[in-house]
Amino acid sequence: MISKTLLQKAVFSLPQHTVLERFVKCTRETDGKDTPKELRPVFHRLAALYGLWSVEKHLATLYQGGYVSGGEAPRIIREAILLLCQQLKPDAVSLVDAIAPPDFILNSPIGASDGQIYKNLYGAMLQGSKTLDRASYWQEAVTPPSRRAQAKL
């Protein structure tokens, strides 16, 4: 008999499978047009990364269902995810630009779209709490050290 938890996990993984399946289909062609050949490897890496992330997320369920056994699978999945991240790293800026999330989603003063890196960085520093307050040890830093008796040799 299938447990309620296992059934719930299976129901949640079906949409992830559908998303992955449609994404892979779109990497081949969109609106009857072939995807440019230079973009296909990046899209395939993204699809593989999402698929492996989904499998890793549901690894406990796969163990419970008997689909995975032993301790080798999590290590292999983790290594594959790290390898894909390393392979996608050169394309990261282009991927973010293609998705074009608004600046408030990125929440990065140096990644803002207005190009004013230093102004944004300075503004972010000023937004911190107690940014303009004196440090608690300020008096120790400005007080000269007291004269100690020097050793006579």
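Because the structure is a prediction, the values reported are computed rather than measured.

Q: Whenever I open this one, the overall build of the protein confuses me. Can you help?
A: Secondary structure summary: the protein contains 8 helices and 2 strands in total. Scored against the burial criterion, the 153 residues of the protein give a buried share of 12%. For the protein, the share of sequence-separated contacts (at least 6 apart) that also reach a separation of at least 24 residues comes to 46%.

Q: It is not clear to me how the packing of helix α2 (residues 40-57) against helix α4 (residues 72-88) should be interpreted in this structure. Could you clarify?
A: Geometry of a packed helix pair, given as the angle between the helix axes and the separation of the axes. Where α2 contacts α4, the axes come no closer than 10 Å and their chain directions differ by 150 degrees. It follows that α2 is roughly antiparallel to α4 by the angle criterion. For the pair α2 and α4, the crossing hand works out as left-handed. Two secondary-structure elements touch here, α2 through V42, R45, L46, A48, L49, L52, W53, V55 and E56 and α4 through I77, R78, A80, I81, L84, C85, Q87 and L88. Taken together, the residues of the contact of α2 with α4 sort by class into 13 nonpolar, 1 polar and 3 charged.

Q: Would you mind showing me how to read a nonpolar patch on the surface here?
A: Residues I110, I117, Y118, L121, Y122, M125, L126 and L132 make up a contiguous nonpolar surface patch of about 900 Å² in total accessible area. Along the chain, the position of Y118 falls in helix α7 (residues 117-126).

Q: Looking at this structure, I do not really get the packing of aromatic side chains. What am I missing?
A: Pairs of aromatic rings are described using the distance from one ring centre to the other and the angle between the two planes. By the definition in use, this model includes 2 aromatic pairs. Ring geometry for F23 against F43: centres 6.0 Å apart, planes inclined by 75 degrees, an arrangement best described as edge-to-face. With F23 in helix α1 (residues 4-28) and F43 in helix α2, this pair connects stretches of sequence that are 20 residues apart. According to the relative accessible area criterion, F43 is partly exposed, its value standing at 25%. Above the face of the W138 ring, R134 is positioned so that its terminal group lies 4.0 Å from the ring centre.

Q: Can you help me understand the nonpolar core in this one?
A: A general trend in soluble globular proteins is that nonpolar side chains are found buried together. Core analysis: the largest hydrophobic core is formed by 10 residues, namely V42, L49, L59, V68, A73, I77, I81, L84, L88 and L95. Going through the elements one at a time, α2 and α4 are the ones with two or more residues in this core. Sort the elements by how many residues they give to this core and α4 lands first, with 5 residues. Contact partners of L59, with chain neighbours within four places excluded, come to V68, P74 and I77.

Q: What exactly am I supposed to notice about the environment of D103 here?
A: Within the secondary structure layout, D103 lies in helix α6 (residues 103-106). Along the sequence, D103 and S113 sit 10 residues apart, while their C-alpha atoms lie 6.8 Å from each other.

Q: Help me out: how do you make sense of unusual backbone geometry in this one?
A: The bulk of non-glycine residues show a negative phi, and the bulk of peptide bonds are trans. At K130, a residue that is not glycine, the phi angle is positive and equals roughly 60 degrees. With respect to the element layout, K130 can be found in the loop between α7 and α8 (138-142). With a relative accessible area of 67%, K130 lands in the exposed category.

Q: What is the right way to read the pattern of salt bridges from this model?
A: Working definition: two side chains of opposite charge can pair if their charged atoms are close together. Per the stated rule, a full pass over the model turns up 4 salt bridges. In this structure, R45 engages D91 in a salt bridge whose closest nitrogen and oxygen atoms are separated by 4.0 Å. Residue R45 is located in helix α2, and its partner D91 is located in the loop between α4 and α5 (92-99); the two are separated by 46 residues in the primary sequence. Each member of the salt-bridge network shares a partner with another, and the members are E72, R75 and E79.

Q: Explanation requested: α4 in the structure shown.
A: Owing to its 3.6 residues per turn, the α-helix aligns residues three or four sequence positions apart on the same side. With 17 residues, α4 extends 24 Å from end C-alpha to end C-alpha; this agrees with the ideal 24 Å at 1.5 Å per step. Those residues of α4 that are buried lie in contact with α2, α3 (59-64) and α5.

Thresholds applied
Residues numbered from 1 in each chain as written. Predicted model: local features only at pLDDT ≥ 70, side-chain atom pairs only at ≥ 80, totals over all residues. Heavy atoms only, no water. Helix = DSSP H or I, 4+ residues; strand = E, 2+ residues; numbered from the N terminus. Buried < 20%, exposed > 50% of the residue type's maximum accessible area, 1.4 Å probe, protein only. Contact = heavy atoms within 4.5 Å. Axes fitted to C-alpha atoms, helices over the stretch in contact; angles between N-to-C directions. Parallel < 35°, antiparallel > 145°, perpendicular 65-115°, else oblique. Left-handed = near helix turned anticlockwise from the far one by under 90°. Nonpolar A, V, L, I, M, F, W, Y, C, P; charged D, E, K, R; others polar. Patch = residues over 30% accessible without salt bridge, like charges linked within 9 Å, V, L, I, M, F, W, Y side chains within 5 Å. Areas by Shrake-Rupley, 256 points an atom, 1.4 Å probe, with all protein chains shown as cover. Salt bridge = Lys/Arg side-chain N within 4 Å of Asp/Glu carboxyl O. Phe/Tyr/Trp six-rings, centres within 6.5 Å; stacked < 30°, edge-to-face > 60°. Lys NZ or Arg CZ within 6 Å of the ring centre and 35° of its normal. Core = buried A, V, L, I, M, F, W, Y, C linked by side-chain atoms within 4.5 Å. Expected span 1.5 Å × (residues − 1).

Function cannot be read off these values alone, since they describe shape.
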